[in-house]
Amino acid sequence: MNKMWIVLKTEFINTVSRRSFVLTLILVPLVPALILGGLSLFGGDEAGPPSEGVIEPEQEGQISQGYVDQAGIITTIPEGVGEERLISYESLESAREAVASGRISGYYVIPPNYIEEGTIQYVIDDFNPLAALETTEIIEVVIQYNLLGGDPQRFQTYQTTVQIERIDLAPDEEASRDQSSPLAFYVPYGVTMLFYIVIMTSASLMLNSIAKEKENRVMEILMSSIKPNQLLAGKILGLGVVGLLQLIVWMGSALILLRLGGTTLNIPPNLQLPPEILPWGILFFVLGYLLYATVMAGIGALVPNLKEASQATFVVILPILIPLMLVGAIIDQPHATFSVVLSLIPFTAPNT
């Protein structure tokens, strides 16, 4: 038993003392913290309530345009569109003369059958496709505004993306998350990736340790002074403690950053990670790591060198990749049959 603890301590110290491990352990939570701090410092004052009004105010240097409304649709010009920005003309001749004299850059012709056809004409002296794409936005907004009865509130609602709230009819289900928020996908996706990275990194360290010692014939020397089961248990537990340290630091940092960044990033409370995820995460990591580390140790003991060991791991890691390939469907339907089945299979359960 003492020899097992010696192996455990040796594996742990040798791994955590590497510069690459220390840098990874610190930089992974530090980079998001710096980004969040920068957003809070430089972007906090810029954030504010959306500006009232339907159209942006007139900017300096914009060239006026005209229109001939033969369908009688435009009766009201919204706020923000000045009288000099979009000028009405009674006839095509007067609009054409305004273009020729340089008072306007071009004019739109709204035909009498616009409601049926939905097409207008844009007449300009010197056509520029790129400029035309930018300038037609004004007439489109004005027509939409008038088709909605000139009601600013209705037009504002029309321009706003429809917010869909999903309600689960399951009797014991908590209130559903706001699926319209991108964080409804990225938060569980980040947790899934975290478990995959930590479990596979720790299990791969186990594979490398066994394969290298076998290839360098260090294993033969160790076998003369320690039992195989003690050596294997010491390596699995030592590298498991390393992975557990990574998980606690990274997941704890994620919990703190989400709490501190709730105001800055406008994170709804129902998208926050609950504190209970930490003990459950430790349990899932321990079980998943013990499974994959044992399998990796077996592969390392069977193959003659590290190169062949790396090739043989693809079949082993394929099951844990399945939840990553189906992560979108799992997040969208966490209680579906395939999600429940994947969460019950030992090889796919750690990151489902």
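Residues numbered from 1 in each chain as written. Predicted model: local features only at pLDDT ≥ 70, side-chain atom pairs only at ≥ 80, totals over all residues. Heavy atoms only, no water.

1. Examining the nonpolar core
Our working definition: Nonpolar cores are built from buried Ala, Val, Leu, Ile, Met, Phe, Trp, Tyr and Cys residues. Side-chain atoms within 4.5 Å join them into one set. Burial classes follow relative accessibility: with a 1.4 Å probe on protein chains only, a residue under 20% of its type's maximum area counts as buried, one over 50% as exposed, and anything between as partly exposed. Elements are defined by DSSP. Helices are runs of H or I of four residues or more, strands are runs of E of two residues or more, and each kind is numbered from the N terminus. Here, residues are in contact when the closest pair of their heavy atoms is within 4.5 Å.
Ranked by size, the top nonpolar core spans 42 residues in total, and within it Met200, Met206, Leu247, Leu273, Phe285, Tyr292 and Ile320 carry the most contacts. For this core, the secondary structure elements donating two or more residues are helix 2 (19-42), helix 7 (183-215), helix 9 (228-260), helix 10 (277-302) and helix 11 (306-325). Residues contacting methionine 200, with those up to four places away along its chain left out, are Tyr292, Met296, Ile317 and Ile320.

2. Structural notes on the pairing of strand 3 (residues 106-110)
What counts here: A pair of strands is labelled paired if DSSP reports no fewer than 2 bridges between them.
Of all the 5 residues making up strand 3, 5 are buried; the element is thus mostly covered by neighbouring parts of the structure. Alternating residues of strand 3 divide into Gly106, Tyr108 and Ile110 and Tyr107 and Val109, and every residue in both groups is buried. Relative to strand 3, strand 1 (residues 65-69) runs parallel, the two sharing 4 bridges. The partner of valine 68 across the bridge, within strand 3, is valine 109. Pairing between strand 3 and strand 4 (residues 121-124): 4 bridges, direction antiparallel. Its bridge partner being in strand 4, valine 109 is matched across the sheet by glutamine 121.

3. Side note on the pattern of salt bridges
This is how it is decided: Should a side-chain nitrogen of Lys or Arg be within 4 Å of a carboxyl oxygen of Asp or Glu, the pair is scored as a salt bridge.
If you walk through the whole model with that rule in mind, you get 3 salt bridges. With a closest N to O distance of 2.8 Å, arginine 217 and glutamate 220 form a salt bridge. Residues arginine 217 and glutamate 220 agree in their burial class; the two are exposed. Salt bridges sharing common partners tie together Glu11, Glu213 and Lys235.

4. Describing the environment of methionine 219
As for its position among the elements, methionine 219 is in helix 8 (residues 218-223). For methionine 219, a relative accessible area of 16% gives the class buried. Taking C-alpha positions, methionine 219 is 9.9 Å from alanine 301, a pair spaced 82 residues apart along the chain.

5. Considerations on the packing of aromatic side chains
Here a ring pair, both rings aromatic, is described through the centre-centre distance and the interplanar angle of the planes. Applicable threshold: What counts as a ring pair is set by centres within 6.5 Å for rings of Phe, Tyr and Trp (its six-membered ring), and what kind of pair is set by the plane angle: stacked under 30 degrees, edge-to-face over 60, tilted for all other angles.
Within this structure, the stated rule accounts for 7 aromatic pairs. Between tyrosine 108 and tyrosine 122 the ring centres are 4.5 Å apart and the planes differ by 20°, which places this aromatic pair in the stacked class. Of this pair, tyrosine 108 sits in strand 3 while tyrosine 122 sits in strand 4; the two residues are 14 residues apart in sequence, bridging distant segments of the chain. Exposure remark for tyrosine 108: the relative accessible area of 1% places this residue in the buried category. Between tyrosine 145 and phenylalanine 155 the ring centres are 5.6 Å apart and the planes differ by 80°, which places this aromatic pair in the edge-to-face class.

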